[in-house]
Amino acid sequence: SPIAPPQETLIGKYGEGTKLIYELQDQGGELLALRYDLTVPFARYLAMNKITNMKRYHVAKVYRRDNPATTRGRYREFYQCDFDIAGQFDPMIPDAECLKIVHEILSDLQLGDFIIKVNDRRILNGVFAVCGVPESKFIPACSTVDKLDKVPWEEVRSEMVGEKGLSPEAADRIGEYVQLHGGLNLIERLLQDPKLSQNKLAKEGLGDMKLLFEYLTLFGITGKISFDLSLARGLDYYTGVIFEAVLLHQENEHVEEPVSVGSVAGGGRYDGLVGMFDPKGRKVPCVGVSIGIERIFSILEQRLKASGEKLRTTETQVLVATPQKHLLPARLKLISELWDAGIKAEMLYKKDPKLLKQLQYCEDTGIPLAAIVGEQELADGVVKLRDVATREEVRM
């Protein structure tokens, strides 16, 4: 998918995010934009190529005209890693697999404690309906509820009433629901709720949520999953299950300021998006997840800094070094042999570097071994291999 698709591909798919799209114009005057995420281009790709069944991952850059906060891993140009399952399948099986993948990735990366919040757009819309919100205000109300993880309920309530035009009574009724979170027992309780159970959308969403939790129980991951009614995800294209993975307080006595990076992964079901790009409006149900790579990096870097561990930026296995002058040819010959053998080797780009300088370079960059060829070694037809950390040497 192109980095700069036509503007109409992106406009109107992201709710309030639309104002963060970078708009461009090419030499011919065509209106383009930098891609905002990898989901909308994926949906366009499926529609254009008439693909109705696909499972794929995609790692690429996306662009947002946002206020950057580099300490929190928030940038204007960053990588996303997406995983999507497109196709007509039985309810909640692909959705459960997406959550299993997020759980697996975050567990393997050992980022500390995390929780994956899960909700469903249909349940939210049902809540808005039974609280007396007109349908035209569902999406604006949704993007306001989405701020609940950052600001207290009072602020969200005043935005609903002041900016989004909801009645104070409706806002208070919404507040009773969106502050709930739990697991299967909460789903059961809401299925019995006299108002919500009368709403067709909410009932459907709660039925699927119950099914999802049964599958997640079989996957053995419900300990990290929370059914959270405040989760709204600010994007317009979600139609069903939505989820977001959040790292829990990264306090660390060595760091002056804990890294608060918020969400590190998010996603959900977007059954209507492919149809928007299909000339005949044919729909392809999809569910997917996006991992924020930079966010995760900023946590890992902070953690390394706190532990005092060296961060290696290369995979170099050995530095080819010489102790005397005029031995550049020996170095070039040896490094060539190592490269041909598939060994990751480096040397200093200097004709006659001092041996100390070369060994210091190994220490600074974390290269574990130095292969030393001096006049004596050349005469004996050997190489001296030095373990940089222990300073032990073997001739071979």
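Quick caveat: nothing in here was measured; it's all calculated off a predicted structure.

Definitions and limits used
Residues numbered from 1 in each chain as written. Predicted model: local features only at pLDDT ≥ 70, side-chain atom pairs only at ≥ 80, totals over all residues. Heavy atoms only, no water. Buried < 20%, exposed > 50% of the residue type's maximum accessible area, 1.4 Å probe, protein only. Helix = DSSP H or I, 4+ residues; strand = E, 2+ residues; numbered from the N terminus. Pairing = 2+ DSSP bridges. Right-handed = clockwise from strand over helix to strand, strands pointing away. Domains from an automatic or database assignment. Core = buried A, V, L, I, M, F, W, Y, C linked by side-chain atoms within 4.5 Å. Contact = heavy atoms within 4.5 Å. Phe/Tyr/Trp six-rings, centres within 6.5 Å; stacked < 30°, edge-to-face > 60°. Lys NZ or Arg CZ within 6 Å of the ring centre and 35° of its normal.

**Structural notes on the pairing of strand β11 (residues 318-321)**
Then, number 1: Judged by which residues are buried, β11 turns out to be covered on both faces: V318 and V320 on one side and L319 and A321 on the other are all buried.
Then, number 2: As paired elements, β11 and strand β12 (residues 345-346) share two bridges and run parallel to each other. Bridge pairing links L319 to E346 in β12.
Then, number 3: With helix α12 (residues 328-340) bridging β11 and the parallel β12, this β-α-β connection has right-handed handedness.
Then, number 4: Where β11 and strand β13 (residues 369-372) come together, four bridges link them in parallel fashion. Within the sheet, the bridge partner assigned to V320 lies in β13 and is A371.

**Comments concerning the domain arrangement of the protein**
A common way to state how big an interface is: give the accessible area lost once the parts meet.
Then, number 1: Split by domain assignment, the protein resolves into domain 1 (7-307) and domain 2 (318-395).
Then, number 2: Using C-alpha coordinates to define each centre, domain 1 is positioned 52 Å away from domain 2.

**So, the nonpolar core**
Then, number 1: Residues F128, I174, L190, L212, F227 and F243 are the most contacted members of the largest nonpolar core, which totals 60 residues.
Then, number 2: If we ignore the near neighbours within four places in the chain, the residues touching L190 are Y177, L180, L196, S197, L206, F227 and L229.
Then, number 3: Of all hydrophobic cores here, the second largest spans 23 residues; its members include I21, F42, A47 and L235.

**Let's talk about the packing of aromatic side chains**
Then, number 1: Taken as a whole, this structure holds five aromatic pairs when the rule is applied.
Then, number 2: Taking the centre distance of 4.4 Å and the plane angle of 40° together, the rings of Y14 and Y36 count as tilted. Taken together, the residues span a long stretch of sequence, with Y14 in the loop between α1 (7-10) and β1 (23-25) and Y36 in the loop between β2 (31-33) and α2 (39-48) at a distance of 22 residues.
Then, number 3: Put simply, the rings of Y14, Y36, Y237, Y238 and Y270 pair up and form one aromatic cluster.
Then, number 4: Looking at R64, its charged tip hangs above the ring of Y36, at a distance of 3.9 Å from the centre.
Then, number 5: One residue, K224, lies across the ring of F114, its end atom 5.2 Å from the ring centre.

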